[in-house]
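Working through the structure, step by step
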Amino acid sequence: MIGYIFNPEFYGKGYATEACQAVLNYAFAELGAHRILALCNPDNAPSWRLLERLSMRREGHFKKEAFFKKTKVGILL
Ligand SMILES: CC(C)(COP(=O)(O)OP(=O)(O)OC[C@H]1O[C@@H](n2cnc3c(N)ncnc32)[C@H](O)[C@@H]1OP(=O)(O)O)[C@@H](O)C(=O)NCCC(=O)NCCS
């Protein structure tokens, strides 16, 4: 499973995409991973856009699976 939290000062520069792609490449090529998954609040557009840039695909929508507390700085699980 992959997850990420970046410093807001560095949003919008492609760093998360580059870092996550490197982790996925390492997991598949070096660790022999068969499958990698991520969980994402569907209201968190930057997160699902990142996952789709990484060519990950949507496979399920888990209703009432997690509680999210909205704050001024983002959405915390
Ligand atoms: C999720 C999170 C890591 C995404 O950050 P991000 O800055 O959108 O992602 P990247 O660093 O990959 O940057 C990509 C964005 O920069 C833009 N960008 C600018 N220059 C770029 C470049 N040279 N290369 C790639 N993207 C670039 C992209 O177009 C993209 O913007 P868009 O989504 O509006 O199209 C960040 O929002 C975060 O840490 N959120 C808080 C924690 C969180 O919610 N975690 C997920 C829990 S499920």
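Parameters at a glance
- Residues numbered from 1 in each chain as written.
- Predicted model: local features only at pLDDT ≥ 70, side-chain atom pairs only at ≥ 80, totals over all residues.
- Heavy atoms only, no water.
- Helix = DSSP H or I, 4+ residues; strand = E, 2+ residues; numbered from the N terminus.
- Contact = heavy atoms within 4.5 Å.
- Buried < 20%, exposed > 50% of the residue type's maximum accessible area, 1.4 Å probe, protein only.
- Phe/Tyr/Trp six-rings, centres within 6.5 Å; stacked < 30°, edge-to-face > 60°.
- Core = buried A, V, L, I, M, F, W, Y, C linked by side-chain atoms within 4.5 Å.
- Near = heavy atom within 4 Å.
- Polar contact = N/O pair within 3.5 Å; in protein donor to acceptor, adjacent residues only side chain to side chain.
- Areas by Shrake-Rupley, 256 points an atom, 1.4 Å probe, with all protein chains shown as cover.

A separate point is the environment of leucine 39. Checked against the element boundaries, leucine 39 lands in the loop between helix 1 (15-29) and helix 2 (45-53). Note: C-alpha distance between leucine 39 and leucine 51 (12 residues apart in sequence) is 9.6 Å. With near-sequence residues (within four places) excluded, leucine 39 lies in contact with Met1 and Phe62.

All right, on to unusual backbone geometry then. Unlike most non-glycine residues, serine 55 shows phi in positive territory, near 70 degrees. For serine 55, the location among the structural elements is in the loop between helix 2 and strand 1 (69-71). Judged by its relative accessible area of 66%, serine 55 is exposed. Of note, lysine 64 is a non-glycine position whose phi angle comes to about 55 degrees, a positive value. By secondary structure assignment, the location of lysine 64 is in the loop between helix 2 and strand 1. Among the residues examined, lysine 64 registers a relative accessible area of 86% and is labelled exposed.

Turning to the packing of aromatic side chains, a few remarks are in order. What characterises a pair of aromatic rings is the spacing of the ring centres plus the angle enclosed by the ring planes. Applying the stated criterion across every chain, the model contains one aromatic pair. Where phenylalanine 10 meets tyrosine 15, the ring centres are 6.4 Å apart and the plane angle is 45 degrees; that geometry is what we call tilted. Residue classification places phenylalanine 10 among the partly exposed residues on the basis of a relative accessible area of 40%.

Our focus in this paragraph is the nonpolar core. By size, the foremost hydrophobic cluster in this structure holds 10 residues: Ile2, Ala16, Cys20, Leu24, Ala27, Ile36, Leu50, Leu51, Leu54 and Met56. Looking at this core, the elements with two or more residues in it are helix 1 and helix 2. The element contributing the most residues to this core is helix 1, with four residues. Beyond its immediate chain neighbours, meaning those up to four positions away, alanine 27 contacts Gly32, Ala33 and Ile36.

In the vicinity of the ligand, 17 residues are found, and the nearest of them are Phe6, Gly12, Thr17, Asn44 and Arg49. Contact between the ligand and tyrosine 11: a nitrogen atom at 3.2 Å from a side-chain N or O atom of the residue. Coverage of the ligand by the protein amounts to 65% of the 950 Å² it exposes when considered alone. Looking at the shell around the ligand, the elements that each hand over two or more residues are helix 1 and helix 2. Looking at the shell around the ligand element by element, the count peaks at four residues for helix 2.

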